[in-house]
Amino acid sequence: MFPKSSSALPKVKTTKLVSPTDWIALDPNPHDSIFNSGPPTLKENAGHQTLLCSSRSTIEKKYIVNKTNSDLSSIQLPRSAASFSHRTLPQLEVVELCESTNRLNLYLKAGKEEVNSGVPGRFLHAVMGQDVSDVGSVASTIMYAFYLSETRNMDQFCTVPIINMKRADLSSHAELKWLLDSCQIDQESLIFIDEIDLSYYDLFGSLKLVLLNGHKLPTKQEALKGAVVEILTCRKGESAYSWVENVTEAEDCSCCTVVAEMFSLASPEILTGKCFSRLLLAGILLDSANLTSSHCSSKDKYMATLLLHGAGRFGWNGFYQILKYKMYNVSDLKVIDILRKDFKKWTRVAGKSDSVASRFRVSHIGMSSIIISVAQLLAHEVAATQEIKYFQQLEKLRLLMIVSGYYDSEKNFKREILVTAESAELMKNLLSFFNSNKADIPLKVLHKPGLKEDMRMFEIDKVVSRKTIEHLLEEFAGTSKG
């Protein structure tokens, strides 16, 4: 039971069983006694509330009929009852509306409206994770903010989740977009990091930060460290912020596991919502590699079992396979979204350190990792090379390296790179730098008709990790004069 107030208690609501289509009707038998009784009532007793029910309870639910937009035929899913009567998966599905998620959406909408009005007369209590765009980070951020809002009596705080990624980046993460849709989350009510200026609230002393899954803020947000008031992490380590008294360090497990456990202790009824449980379950399964990772704890397995109904008809194995398929399938993405999916950028100040003007001459170098061949990327769209150049300009990059890692038809792992530079001189400097590191990255030129001098393709004639390439690129960023 949530201790905050009676409004935070799971609500018992009489609803109608409805359908958005005229040809489908799922009405319960009106003559059955179980549907004709009065609603339950709440009775105050010694500081808490007791649910009083008559002998005949009301059981009515809402459903909607959705058209399935995803083609899952290429995924090896566990057989469901429908698959025995249909050669292909049904194009329509009946979905139960989730009351728990409805409450979550109302909370998200109210929070964003207050933020849009400037949070007058209250502190902005922002829950934020690391600057990674994975399902576990997004799910735990949303759910922990909701948990704090429901369980802690903090009228002076406006508690909201801040998704630590740009809204535009959501289109690059099909698995996250699909999950939010399937969980009925109101995405318009979510607040992304590029939609709010946290430094403004920090400047006037009205920012209170809750840091998730880490002991330290990301480098680009390190200036906000003085506003950190709480840390919830599942990683062992010493906190970088000694003044923070409210620190929760759980055992090595998913952050979604910790949040799910908190809900199960405070109000287990809310976890009966299928969509509500699905969001937490997805984070646990992806964080633990479907409960097979060496870092997967017994608590992860226990909470995944508790949330099992959120997986749907395919069970958690099928649910995990769908998420992985969505994560790695790029056929529906644009070239820019493929490049943005796994992208990292480095900044280097150019010029002499004693030059005042040099502070304004900043060089950016970026690396995108993809899971298809460079040839497939260039064939993905008619104007793929122009799209790559546009992405480079959009991110203000002097140099962009696209690192490809994939398996060919003979199951051999291949590593390729495509480099696009701001100038031919910078390309020359990079190739000279790589030639001096042949032992680490031996390059074999790949010829592609139509490519200009500022865009080159190579195969790395050796099994090389992305980390090795990343370290060399960081070293080049620090030494390049081009």
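Residues numbered from 1 in each chain as written. Predicted model: local features only at pLDDT ≥ 70, side-chain atom pairs only at ≥ 80, totals over all residues. Heavy atoms only, no water.

1. Observations concerning the overall build of the chain
Each helix and strand in the chain was counted, giving 14 helices and 16 strands. Here the chain holds 482 residues, and the buried ones make up 46% of them. Of all intrachain contacts in the chain linking residues separated by at least 6 positions in sequence, the fraction that spans at least 24 positions is 67%. (Helix = DSSP H or I, 4+ residues; strand = E, 2+ residues; numbered from the N terminus. Buried < 20%, exposed > 50% of the residue type's maximum accessible area, 1.4 Å probe, protein only. Contact = heavy atoms within 4.5 Å.)

2. A look at the side chain of Ser-369
The residue Ser-369 is located in strand 12 (residues 362-370) in this model. For Ser-369, the side chain forms a polar contact with the side chain of Arg-466, separated by 2.9 Å. Excluding residues that lie within four positions of it along the chain, Ser-369 makes contacts with Asp-342, Val-403 and Arg-466. (Polar contact = N/O pair within 3.5 Å; in protein donor to acceptor, adjacent residues only side chain to side chain.)

3. With respect to helix 2 (residues 99-116)
In a regular helix each residue adds 1.5 Å, so 18 residues correspond to 26 Å; helix 2 covers 26 Å between its end C-alpha atoms and thus fits that length. Inspection of helix 2 places Ser-100, Thr-101, Arg-103, Leu-104, Asn-105, Tyr-107, Leu-108, Gly-111, Lys-112, Glu-114 and Val-115 among the buried residues, and these make up the whole buried set. Buried positions along helix 2 lie against strand 5 (123-128), helix 3 (135-151), strand 6 (157-163), strand 7 (191-192), helix 5 (198-203) and helix 7 (274-287). Gly-118 sits one or two positions beyond helix 2 and adopts a positive phi of about 90 degrees. (Expected span 1.5 Å × (residues − 1).)

4. Some details on the pattern of salt bridges
Side chains that differ in sign of charge can pair as their charged atoms come close. The final tally for this structure, using the stated rule, is 18 salt bridges. The partner of Glu-195 in a salt bridge is Lys-112, and the shortest N-O contact between them spans 3.9 Å. With Glu-195 in the loop between strand 7 and helix 5 and Lys-112 in helix 2, the pair connects residues that are 83 residues apart, well separated along the chain. The exposure class assigned to Glu-195 is partly exposed, which follows from its relative accessible area of 36%. The salt bridge involving Glu-459 is made with Lys-414; its shortest N-O contact spans 3.8 Å. Pair noted here: Glu-459 is in strand 16 (residues 455-460) and Lys-414 is in strand 14 (residues 413-421), with a separation of 45 residues, a long-range link. What makes Lys-414 partly exposed here is its relative accessible area of 25%. Through salt bridges with shared partners, a single ionic network connects Lys-112, Arg-167 and Glu-195. (Salt bridge = Lys/Arg side-chain N within 4 Å of Asp/Glu carboxyl O.)

5. Here's the deal with the environment of Asn-246
You can see Asn-246 is positioned in strand 10 (residues 246-249). Expressed as a C-alpha distance, the spacing of Asn-246 and Val-228, which sit 18 residues apart in the sequence, is 9.8 Å. Apart from the residues within four sequence positions on either side, Asn-246 is in contact with Arg-152, Val-229, Glu-230 and Ile-231.

6. Points about the sheet that holds strand 7
The strand order 7-6-5-8-9-10 describes an open sheet built from six strands, whose pairing is parallel. Each edge of the open sheet is held by one strand with a lone partner, namely strand 7 and strand 10. Direction of pairing for strand 5 relative to strand 6: parallel, over a ladder of six bridges. If you follow Val-127 over to strand 6, its bridge partner there is Pro-161. Against the sheet, helix 3 engages strand 5, strand 6, strand 8 (207-212) and strand 9 (228-233), with an angle of about 170 degrees to strand 6. (Pairing = 2+ DSSP bridges. Axes fitted to C-alpha atoms, helices over the stretch in contact; angles between N-to-C directions.)

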